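What follows is the residue order along each chain.
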Amino acid sequence: MRNPDWTTLQTDLVPRIGGLLISDDASDFVRLRAVCHPWRSSTVATKKSADCFCPRNWIMISDPNSSPSDVCFFNTSTHKSFSFDLSPHLGTYSLFRSFDFLFLLKHKTTKGFALLNPFMRSLIPLHSKIESNCANAPKRLEDLILDLSGVFVTSSFTIVLQFEVDCLVWTKPGDQSWVYAEFALWSYSNVLFYKDRLLVVTSGDKGLVQINLANEIPNQLQVEVVIPSNELTFLQKECFLVDCDGEIILVTLSRKDYCWESFETYKLDLNEKTFVRSPNLGNHSIFLGPNRTFSISCEDLPQVTTNSIYFQWRRQNFGKRGIKSYLHSNFKIVRGAN
């Protein structure tokens, strides 16, 4: 039996497949478009609507400043790798900051900013103007950019920027400015972006809260208490929120005499608004650091001890190329398998 000619698939079937792929992760969508010209032509509309799509489960494991021509990404779930050549963009732009899946570039002439998505190979110019009813709100994105701490893209392709000064700005496709909102949460934990929601554990009386960014974002942020602080008896400890293969894990840390004493893990149910202690991480391990938290599937990755917690013990170091070198250079195990 001869191999089928995949280029002859029905013209409406390829974009439908592309839409399903892009809803899960950009890397397989990119591979689909690379198969042949008919498939690439059939998915032009899908690509245009998803140019700012953020891939899931990818971390940057090489330094874009020292090796811009070969920036390496690693998927913590599938263990796939992906390389991107940033250097063609550095003639017009300079690299201002990098995130796990996006580059923030600054135009050398206009001084404007843009987001570069290496997976979609798309460059999204960022508006400068900020609109707000707050009297003391900044008027331009450039007034806030030095405090940028997070970039998120929702399923409806709304771009959301989070800043260390406890505020968010967002812009929807077709908008010509940013909407600005302040929030005073005084967080104990990192901010986790999960299914179009921002999750954070606060140090006040709110406890675990979420901000829903799905669909139409209101002009005033709606902060919903998921689990009140009086139910979280461990809030005096530092904690991290981690997406562990679709489940939200809360990791609490306690230390004595400046040394880590214990690490405990809790599984959160956002729908039931409950939590339960869950020391068993299954076939995963969790990595905690000041700049990023992530989990890794240990299947076919023998250099990582399963059901363990690793902690970043020094400033981020990219070291040599490869996930083994990256993990060894940055993290040490602090809680082994139970």
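- Identification of the chain as F-box SKIP23-like protein (DUF295) from Rhynchospora pubera is taken from an unreviewed UniProt entry.

**Digging into the overall build of the chain**
Here is step 1 of the chain: The secondary structure content of the chain amounts to five helices and 24 strands.
Here is step 2 of the chain: Taking all 338 residues of the chain together, 47% fall into the buried category.
Here is step 3 of the chain: Looking at the chain as shown, the accessible area adds up to about 17,300 Å², and 49% of this sits on carbon and sulfur atoms.

**Concerning the sheet that holds strand 7 (residues 122–125)**
Here is step 1 of the chain: Taking strand neighbours across the sheet as the criterion, the four strands line up as 4-5-6-7 in an open arrangement whose pairing is antiparallel. The open sheet has two edge strands, strand 4 (93–98) and strand 7, and neither has a second partner. On average, adjacent strands in this sheet sit at an angle of 30° to one another, irrespective of strand direction.
Here is step 2 of the chain: In this structure, strand 4 lies alongside strand 5 (residues 103–107), joined through five bridges in antiparallel fashion. Bridging from a neighbouring strand, Y93 pairs with H107 of strand 5.

**Observations regarding unusual backbone geometry**
Here is step 1 of the chain: For D196, which is not glycine, the phi torsion reads 65° and is therefore positive.
Here is step 2 of the chain: Positionally, D196 belongs in the loop between strand 13 (192–194) and strand 14 (197–201).
Here is step 3 of the chain: Its identity is not glycine, yet D245 carries a phi of approximately 55°, on the positive side.
Here is step 4 of the chain: The residue D245 is located in the loop between strand 17 (238–244) and strand 18 (247–256) in this model.
Here is step 5 of the chain: D245 gets classed as exposed once you look at its relative accessible area, which sits at 56%.

**Quick look at the packing of aromatic side chains**
Here is step 1 of the chain: This model, assessed by the stated rule, comprises 17 aromatic pairs.
Here is step 2 of the chain: Residues F73 and F82 carry aromatic rings whose centres are separated by 6.0 Å and whose planes lie at 45° to one another, so their mutual orientation is tilted. With respect to burial, F73 and F82 carry one shared label: buried.
Here is step 3 of the chain: Ring geometry for F294 and F331: centres 5.9 Å apart, planes at 85°, overall edge-to-face. In this pair, F294 is assigned in strand 22 (residues 293–297) and F331 in strand 24 (residues 331–335), connecting sequence segments 37 residues apart.
Here is step 4 of the chain: Taken together, the aromatic side chains of W58, F73, F82, F84, F103 and F119 make up a single cluster linked through ring pairs.

**Describing the sheet that holds strand 11 (residues 167–171)**
Here is step 1 of the chain: One open sheet holds the five strands; their spatial order is 8-12-11-10-9, and the pairing between them is mixed. Of all the strands in the sheet, just strand 8 (130–131) and strand 9 (148–153) have a single pairing partner and so form its edges.
Here is step 2 of the chain: Note that strand 8 and strand 12 (residues 178–182) share two bridges and pair parallel. What sits directly across from E131, in strand 12, is V179.

**Some remarks on the confidence of the model for the chain**
Here is step 1 of the chain: The pLDDT averaged across the chain works out to 81; a share of 82% of its residues lies at or above 70.
Here is step 2 of the chain: Put simply, helix 4 (residues 44–49) is where the chain has its lowest mean pLDDT, 62, and strand 5 is where it has its highest, 94.

**Concerning the side chain of S308**
Here is step 1 of the chain: Relative to the assigned elements, S308 resides in the loop between strand 22 and strand 23 (309–312).
Here is step 2 of the chain: In terms of polar contacts, S308 uses its side chain to reach the backbone carbonyl oxygen of T305, at 3.3 Å.

**Quick word on the pattern of salt bridges**
Here is step 1 of the chain: Taken as a whole, this structure holds five salt bridges when the rule is applied.
Here is step 2 of the chain: The residue R140 makes a salt bridge to E142 at a minimum N-O spacing of 3.8 Å.
Here is step 3 of the chain: Here K273 and E224 are joined by a salt bridge, their closest N and O atoms 2.9 Å apart. With K273 in the loop between strand 19 (259–269) and strand 20 (274–277) and E224 in strand 16 (residues 223–227), the pair connects residues that are 49 residues apart, well separated along the chain.
Here is step 4 of the chain: One continuous salt-bridge network, built from bridges that share partners, spans R140, E142 and D143.

**Quick notes on helix 5 (residues 323–330)**
Here is step 1 of the chain: Among the eight residues that make up helix 5, six are buried, leaving the element largely enclosed by the rest of the structure.
Here is step 2 of the chain: Of the residues making up helix 5, those classed as buried are I323, S325, Y326, L327, S329 and N330.

**Looking at the side chain of S295**
Here is step 1 of the chain: Mapped onto the elements of the fold, S295 is located in strand 22.
Here is step 2 of the chain: Given a relative accessible area of 6%, S295 falls into the buried group.
Here is step 3 of the chain: A distance of 3.1 Å separates a polar atom in the side chain of S295 from the backbone oxygen of D243.
Here is step 4 of the chain: For S295, the contacting residues outside a window of four places in its chain are T76, V242, D243, C244, D245, H284, S285 and I286.

Rules and cut-offs
Residues numbered from 1 in each chain as written. Predicted model: local features only at pLDDT ≥ 70, side-chain atom pairs only at ≥ 80, totals over all residues. Heavy atoms only, no water. Helix = DSSP H or I, 4+ residues; strand = E, 2+ residues; numbered from the N terminus. Buried < 20%, exposed > 50% of the residue type's maximum accessible area, 1.4 Å probe, protein only. Areas by Shrake-Rupley, 256 points an atom, 1.4 Å probe, with all protein chains shown as cover. Pairing = 2+ DSSP bridges. Axes fitted to C-alpha atoms, helices over the stretch in contact; angles between N-to-C directions. Phe/Tyr/Trp six-rings, centres within 6.5 Å; stacked < 30°, edge-to-face > 60°. pLDDT = per-residue confidence, 0-100. Polar contact = N/O pair within 3.5 Å; in protein donor to acceptor, adjacent residues only side chain to side chain. Salt bridge = Lys/Arg side-chain N within 4 Å of Asp/Glu carboxyl O. Contact = heavy atoms within 4.5 Å.

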